Amino acid sequence: MADLLHEDRFFDPDPATRRAARSLYEETADLPLLCPHGHVEPSLLADNEPFPEPTTLLITPDHYILRMLYSRGIPLEALGIPARDGGGRGQETTVERDPRRIWQLFADHFHLFRGTPSGAWLAHELHHVFGVRQKLTGATAHAIYDEIASQLRRPEFRPRALFDRFNIEVLATTDRATDLLPHHRAIRESDWEGVVLPTFRPDALMRIASPAWRDTVAELERVQGESIDDFADFIRALEERRAYFKTLGATSADHAVLEPYTEELSRPETDRLFQRARVGEATESDERRFEAHMLMEMARMSIEDGLVMQLHSGAFRDHNRVVFERYGADKGADIPVATEYTRNLRALLDAFGNDRRLTLVLFTLDESTYARELAPLAGHYPAVRLGPPWWFHDSIEGMMRFRQSTTETAGIYNTAGFNDDTRAFCSIPARHDLSRRVDASYLGGLVARHIVDLGDARELARALAYGLAKETYKLPDVTHRAKQGGGGGGRAATAVGAKSLR
């Protein structure tokens, strides 16, 4: 049977561009994978237990899949997602427990993902990771399910073996500020050589109007072993938590906000807001100002302790109130909003933007800001780097729009390279491969139009695939080991015993 994935996929069809893109992709296809920001659970690699059956691995936890199927009227219960309250409002409450039936339902609707990044990732994953050589359809669903299930029982499909086969050099997780990081410690104390780093994420401690905030501060007190009575205590505890994360290899912190508003408050004002929060009286307006000041504190700490500061802005979380109340968070109902950066970041950049000790990586869900705000900011302030296209824009056309909108103003070297930003471990090689192919096609267009020559384009391709992420995130040097199955995103993911495309 012929390979299902075309060797020139995602390349521009123009012959001159495609020839250059092929050559540039050859330059990067086998480079190790750097994963400086993502959401893989560290317990996966600490415990190294076999993956469950295909549905639990590939469908149930994937909010990209859930949102598409839900948009077509498929109830989440049919995909194995239970309601938090056990039902209500006259809706069907029977939760499908048979993973084969869920897989069949998914396969029956796999056509919905044609032309989407999810479809591209899943096709790569099935072909390269699991060696599947037929299209997923309703008719082939059971055979493919059995094929994947059989693979998952083999030792070479344990998480650590796949980590090595994928040629992942470094993988960073995203962890609560109060996490004691037992899984990271277990990985470091094991005889496995994989490099897995924590990332400090204090968002829950900054949302003082949340009903859960006081419980989160109480948890911070427990892990610190001391009371937190005022804002100064709070800041000191966060500084100590960051230092603890660094002892286990952390190189970055991550912050997710609706708007990137920053404001420097006086110490009496910050303590007033903190005390209001302690008694449960903080308002949304209080939270906005507190969070704005906390971003200033986080930037200051990053200068002092060296952690890279990531800022993800513009996601309206859990927009569908019915879905959130019924099923909980992270069920595909997050929606982008228009976002302003130039005025909102002025206070932070006035204070710290000229300090080269700070690395501030900006992410957006508002593409209209690429050329108007983000590229000019990154093309001026020494502290600012542009993060790669994120979430809804982590796609074939989204990546191309990003390069076309930012390169002429910010250049390539003021961007942060690629990160896969996923919790779907087995999709990591697919995401890197897609990014490397799209970047090869973009650079191939520059070569075809004689904007850069092929030699310079090769350097740019390697920087985008590897060097910029390593530099931006201050990732450690790792001695490369021989990996089973070959190189990076393009070839390392090929299933054991399966024919490689190359």
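Scroll up to find the structure this text is about.
Heads up: these notes are all about the structure in this document.

Conventions used here
- Residues numbered from 1 in each chain as written.
- Predicted model: local features only at pLDDT ≥ 70, side-chain atom pairs only at ≥ 80, totals over all residues.
- Heavy atoms only, no water.
- Salt bridge = Lys/Arg side-chain N within 4 Å of Asp/Glu carboxyl O.
- Helix = DSSP H or I, 4+ residues; strand = E, 2+ residues; numbered from the N terminus.
- Buried < 20%, exposed > 50% of the residue type's maximum accessible area, 1.4 Å probe, protein only.
- Pairing = 2+ DSSP bridges.
- Contact = heavy atoms within 4.5 Å.
- 1 Å grid on protein atoms, 1.4 Å probe; cavity = no way out; pocket = protein on both sides within 12 Å on 5 of 7 lines; lining within 4 Å.
- Points joined across faces, edges and corners; volume = space filled by probe spheres on them.
- Core = buried A, V, L, I, M, F, W, Y, C linked by side-chain atoms within 4.5 Å.

## A few points about the pattern of salt bridges
Tallied over the full model, the rule gives 37 salt bridges. Across the pair Arg-236 and Asp-233 runs a salt bridge whose closest N-O atoms are separated by 2.4 Å. Of the two residues, Arg-236 and Asp-233 both sit in helix α12 (residues 231-247), three residues apart, roughly one turn of that helix. Taking the relative accessible area as the measure of exposure, Arg-236 reaches 38% and is therefore partly exposed. Across the pair Arg-372 and Glu-373 runs a salt bridge, and its minimum N-O distance is 3.1 Å. Residue classification places Arg-372 among the exposed residues on the basis of a relative accessible area of 51%. Overall, Glu-373 belongs to the buried group, its relative accessible area being 4%. Through salt bridges with shared partners, one network takes in Glu-239, Arg-267, Glu-297, Arg-300 and Glu-304.

## Considerations on the pairing of strand β2 (residues 168-172)
On any regular strand, side chains alternate: one points to one face of the sheet, the next to the other face. With respect to burial, β2 is a largely interior element, five of its five residues being buried. Bridge count between strand β1 (residues 33-35) and β2: three bridges; the pairing is parallel. The residue bridging Cys-35 from the neighbouring strand is Leu-171, located in β2.

## Focus on the environment of Phe-316
One can find Phe-316 in strand β8 (residues 315-316). On the basis of relative accessible area, Phe-316 is assigned to the partly exposed category, the value being 38%. Taking the C-alpha atoms as reference, Phe-316 lies 20 Å from His-37; in sequence the two are 279 residues apart. In this structure, Phe-316 is in contact with Leu-258, Ala-333, Asp-334, Ile-335 and Val-337, ignoring residues within four places of it in sequence.

## Here we look at the layout of surface pockets
To find leftover empty space, one rolls a probe the size of a water molecule over the atoms. Empty space within the second largest pocket amounts to approximately 660 Å³. Lining of the second largest pocket is provided by 28 residues; of these, Leu-5, Phe-110, Gly-119, Ala-123 and Lys-135 occupy positions nearest its centre. Mapped onto the lining of the second largest pocket, the elements with two or more residues apiece are α5 (99-108), α6 (117-129) and α19 (428-448). Of the residues forming the lining of the second largest pocket, the biggest block, seven residues, is contributed by α6.

## A look at the nonpolar core
Counting 55 residues, the largest nonpolar core has Phe-234, Met-294, Leu-348, Leu-358 and Leu-360 as its most contacted members. Top element by residues in this core is helix α14 (residues 284-305). It accounts for eight residues. In this structure Leu-358 touches Ala-299, Ser-302, Ile-303, Met-309, Leu-348, Phe-352 and Ala-383, once residues within four positions along its chain are discounted. The next biggest cluster of nonpolar side chains, apart from the first, holds 50 residues, and it includes Leu-66, Leu-69, Phe-163 and Leu-171.

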